[in-house]
Amino acid sequence: MLNESIRKLVQYGIETGLTPECEKNYTINLLLDIFKEDEYQEPETEYKDIDLEEVLKELLDEAVKRGIIEDSVVYRDLLDTKIMNCLMPRPAQVQKEFWDKYEKDPQEATDYFYKLSQDSDYIRRYRVKKDQKWTVDSEYGTIDITINLSKPEKDPKAIAAAKLAKASSYPKCLLCPENEGYAGRVNHPARENHRIIPITINDTQWGLQYSPYVYYNEHCIVFNSCHTPMKIERNTFIKLFDFVKLFPHYFLGSNADLPIVGGSILSHDHFQGGHYTFAMAKAPIEKYVTIPGYEDVEAGIVKWPLSVLRIRHQDEKRLIDLASHVLEVWRGYTDEAAFVFAETDGEPHNTITPIARKVGDMFELDLTLRNNITTEEHPLGVYHPHAPYHNIKKENIGLIEVMGLAVLPARLKEELLLLGEYILEGKDIASNEKIEKHAAWVKEFLPQYENLNKENIQEVLQKEVGKVFIHVLEDAGVYKCTPEGREGFLRFIDKL
């Protein structure tokens, strides 16, 4: 059985181009070593069109049987990454192939690297396809919704082992370049099958990789090769456009650099991009404005629930200059009437979530104004999802959500199924602790629907989840899409 599984995996490597045909024996021997096996008999069967998930399961089951690993998703993930690395080209080979293709066409290079990141199982296709995805139409355009199911739940054994594991500061975080080739441990994922493309932006060394969870097409991460904190500044805009000039088919954006309105990793400077057009990028300018000294730059307020100033020009340097000016003014801007405070008790509140892209021959930069002030009424943030919507989304509104993609917690998959059952059977939602948090929400929207049945209940729930997410985005907007909100936004623009 082991011989067959090893031969199938090696054939997968040859079929996908991960493993050259001439390295067949070498790769078989690496795999035998993992299983502490000295003997190998070449199977008579010829294998093709290999199902990777299936063959990895066979190998991991064998490893459990032989006592090499415990039967737990954490230990299985650590071992299958080591197994997949046996098929992989070395980092220098990947980099050479990437840049050779780049010489012909940047998109050919990223196509190659994205396919490699999936074929290597760094991006686990069979988990990503479990994610639930749908769209919801709104006055702001078509909004993307996803329930992320590709991050496996840790089992109790692994959680206990992680608590007992020795604290380690290597790699310093999940974004450090030292992750490339790292074997991992119970409290840090294995990255042996991970490859990074070194790039230079703003004359500094950065790395390009893909997100293993792929929230959207070719979801890439661009990270500083040094472990240095996030900071939105003039250099941020230079870096964003340096990247977009290297890869004009990709957008690139940055999370804000303050808690509540920032991303989940503020300790390591990084951006996120990809080959995808979000609803925000499609949203039109609802009011054009002219900024003194930058009359040549097309500028305007975007029809979007968050407060976005879009600026466009053929020369990205003009956008870098203007964005730096907008950032400097916004950092120090207070408008009590609009409940915008630059700082309270010495704590700064204003920052920006920027997104850069190239559209035709024009460079474009969306500057999303953010503010992380908290109050007694809104202890998690005034411009953050408000309490009535926490049943759906309580987490920060980061870059991906800002652009119009809801990344919702995995718990919702089970909760929505349960809700559908309770609604159709007329049961009391508040009586079940798993879904009681949804009771008020369901009570509010249910009267709008008459003929609910097994065929349409989930569609209705998904539509209502989408509506909640739109409200959440409106909560995150510093200036609301109301006449008063727009007046407030224009007061800020007048200060530029």
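In what follows, the accompanying structure is described. In this text, all values refer to a predicted model and were calculated from it rather than measured experimentally. (Residues numbered from 1 in each chain as written. Predicted model: local features only at pLDDT ≥ 70, side-chain atom pairs only at ≥ 80, totals over all residues. Heavy atoms only, no water.)

**Overview of the overall build of the protein chain**
Part 1 of the reasoning: From N to C terminus, the protein chain includes 16 helices and 15 strands.
Part 2 of the reasoning: A globule of 496 residues ought to have a C-alpha radius of gyration of about 23 Å, and the protein chain, at 25 Å, matches this closely.
Part 3 of the reasoning: Principal-axis analysis of the C-alpha atoms places the extent of the protein chain at approximately 80 × 60 × 45 Å.
Part 4 of the reasoning: Residues classed as buried in the protein chain amount to 56% of the 496 residues present.
Part 5 of the reasoning: For the protein chain, restricting intrachain contacts to residue pairs at least 6 apart in sequence, the fraction spanning at least 24 positions comes to 64%.
Part 6 of the reasoning: If you sum the accessible surface of the protein chain, you get close to 22700 Å²; carbon and sulfur atoms cover 49% of it.
Part 7 of the reasoning: On the protein chain, the mean spot of the 60 positive side-chain charges and the mean spot of the 82 negative ones are 2 Å from each other. (Helix = DSSP H or I, 4+ residues; strand = E, 2+ residues; numbered from the N terminus. Rg over C-alpha atoms; globule rule 2.2 N^0.38 Å. Buried < 20%, exposed > 50% of the residue type's maximum accessible area, 1.4 Å probe, protein only. Contact = heavy atoms within 4.5 Å. Areas by Shrake-Rupley, 256 points an atom, 1.4 Å probe, with all protein chains shown as cover. Lys, Arg positive; Asp, Glu negative; His and termini not counted. Charge placed at Lys NZ, Arg CZ, Asp CG, Glu CD.)

**A closer look at the pairing of strand E1 (residues 132-138)**
Part 1 of the reasoning: Pairing between E1 and strand E2 (residues 141-147): seven bridges, direction antiparallel. Bridge assignment links Val 136 to a residue of E2, and that residue is Ile 143. (Pairing = 2+ DSSP bridges.)

**Overview of the pattern of salt bridges**
Part 1 of the reasoning: In the structure shown here, the tally under the stated rule is 42 salt bridges.
Part 2 of the reasoning: In this structure, the salt-bridge partner of Arg 66 is Glu 37, at a minimum N-O distance of 3.0 Å. Of this pair, Arg 66 sits in the loop between helix H3 (52-65) and helix H4 (73-85) while Glu 37 sits in the loop between helix H2 (24-34) and H3; the two residues are 29 residues apart in sequence, bridging distant segments of the chain.
Part 3 of the reasoning: Between Arg 486 and Glu 286 there is a salt bridge whose closest N-O contact spans 2.5 Å. With Arg 486 in helix H16 (residues 483-494) and Glu 286 in strand E8 (residues 285-289), this residue pair connects regions lying 200 residues apart in the sequence.
Part 4 of the reasoning: Taking the relative accessible area as the measure of exposure, Glu 286 reaches 38% and is therefore partly exposed. (Salt bridge = Lys/Arg side-chain N within 4 Å of Asp/Glu carboxyl O.)

**Some points on the sheet that holds strand E10 (residues 308-313)**
Whenever strands of a sheet pair, they do so through backbone hydrogen bonds, lying parallel or antiparallel.
Part 1 of the reasoning: Taken together, the 10 strands give an open sheet; going across it, the order is E3-E4-E5-E7-E6-E13-E14-E10-E9-E8, and neighbouring strands pair in antiparallel fashion. The open sheet has two free edges, formed respectively by strand E3 (197-201) and E8, since each of these has just one partner strand. The mean angle between the axes of side-by-side strands here comes to 25°, regardless of whether they run parallel or antiparallel.
Part 2 of the reasoning: Examined bridge by bridge, E8 and strand E9 (residues 298-302) share four bridges and lie antiparallel to one another. Within E9, the position partnered with Lys 287 by the bridge is Ile 301.
Part 3 of the reasoning: Across the sheet, helix H9 (residues 234-246) is in contact with E3, strand E4 (204-210), strand E5 (220-224), strand E6 (251-253), strand E7 (270-274), strand E13 (350-359) and strand E14 (362-371); its angle to E13 comes to roughly 20°. (Axes fitted to C-alpha atoms, helices over the stretch in contact; angles between N-to-C directions.)

**A look at the packing of aromatic side chains**
Part 1 of the reasoning: Here the structure, examined in full by the defined rule, presents 27 aromatic pairs.
Part 2 of the reasoning: In this structure an aromatic cluster arises from ring pairing among Phe 98, Trp 99, Tyr 102, Phe 113, Tyr 114, Tyr 210, Phe 243, Phe 247 and Tyr 250.
Part 3 of the reasoning: The residue whose ring lies beneath Lys 427 is Tyr 422, and the NZ or CZ to ring-centre distance is 4.8 Å. (Phe/Tyr/Trp six-rings, centres within 6.5 Å; stacked < 30°, edge-to-face > 60°. Lys NZ or Arg CZ within 6 Å of the ring centre and 35° of its normal.)

**A closer look at the sheet that holds E2**
Part 1 of the reasoning: Pairing in this open sheet of three strands is mixed, and the strands run E1-E2-E15 from one edge to the other. At either end of the open sheet lies a strand with only one pairing partner, and these are E1 and strand E15 (405-408). Going across the sheet, the axis of each strand differs from the next one's by a mean of 20°, ignoring polarity.
Part 2 of the reasoning: Where helix H15 (residues 457-476) meets the sheet, it contacts E1, E2 and E15, and its direction lies at approximately 65° from that of E1.

**Side note on helix H11 (residues 316-331)**
Helical geometry: 3.6 residues make up each α-helical turn, so side chains three or four residues apart lie on a common side.
Part 1 of the reasoning: An ideal rise of 1.5 Å per residue puts 22 Å on 16 residues; H11 measures up with 22 Å between its terminal C-alpha atoms.
Part 2 of the reasoning: Residues of H11 that are buried in the fold lie against H9, E10, E13, E14 and H16.
Part 3 of the reasoning: For H11, the N-terminal capping position is held by Asp 315, with its side-chain oxygen 3.0 Å away from the main-chain nitrogen of Lys 317. (Expected span 1.5 Å × (residues − 1). Polar contact = N/O pair within 3.5 Å; in protein donor to acceptor, adjacent residues only side chain to side chain.)

**Regarding helix H5 (residues 91-104)**
Part 1 of the reasoning: Between its first and last C-alpha atoms H5 spans 21 Å; for 14 residues at 1.5 Å apiece the expected length is 20 Å, and the two agree.
Part 2 of the reasoning: Summarising the contacts, the buried residues of H5 are in contact with helix H6 (106-119), E3, E4 and H9.

**Comments concerning the side chain of Asn 391**
Part 1 of the reasoning: Inspection of the secondary structure assignment puts Asn 391 in the loop between E14 and helix H12 (399-402).
Part 2 of the reasoning: Asn 391 sits in the buried class, given a relative accessible area of 6%.
Part 3 of the reasoning: Reaching out from Asn 391, the side chain makes a polar contact with the side chain of His 438 at a distance of 2.9 Å.
Part 4 of the reasoning: Excluding its chain neighbours within four sequence positions, the residues that come into contact with Asn 391 are Arg 411, Leu 412, Lys 437, His 438 and Trp 441.

**Section: the packing of H9 against H11**
Part 1 of the reasoning: Across the interface, H9 lies against H11 with an axial gap of 9 Å and an inter-helix angle of 150°. Relative to H11, the element H9 is oriented roughly antiparallel. In this structure, the crossing between H9 and H11 has a hand that is right-handed. Across the interface between the two elements, Arg 234, Phe 237, Ile 238, Phe 241 and Lys 245 from H9 touch Glu 316, Leu 319, Ile 320, Asp 321, Ala 323, Ser 324 and Leu 327 from H11.
Part 2 of the reasoning: Taken together, the residues that form the contact of H9 with H11 break down as seven nonpolar, one polar and four charged. (Parallel < 35°, antiparallel > 145°, perpendicular 65-115°, else oblique. Left-handed = near helix turned anticlockwise from the far one by under 90°. Nonpolar A, V, L, I, M, F, W, Y, C, P; charged D, E, K, R; others polar.)

**Considering the side chain of Glu 415**
Part 1 of the reasoning: Positionally, Glu 415 belongs in helix H13 (residues 411-425).
Part 2 of the reasoning: When its relative accessible area of 7% is taken as the criterion, Glu 415 is described as buried.
Part 3 of the reasoning: Reaching out from Glu 415, the side chain makes a polar contact with the side chain of Lys 437 at a distance of 3.1 Å.
Part 4 of the reasoning: For Glu 415, the residues in contact, after removing those within four places along its chain, are Lys 434, Ile 435, Lys 437 and His 438.

**Thoughts on the pairing of E4**
Side-chain positions along a regular strand alternate between the two faces of the sheet.
Part 1 of the reasoning: Across the seven residues of E4, five count as buried, placing the element largely inside the fold.
Part 2 of the reasoning: Two elements, E3 and E4, share five bridges in a ladder whose sense is antiparallel. Pairing of Ile 197 across the sheet is with Leu 208, part of E4.
Part 3 of the reasoning: As consecutive antiparallel partners, E3 and E4 are separated by two residues, and within that stretch Asn 202 has a phi angle of approximately 55°, a positive value.

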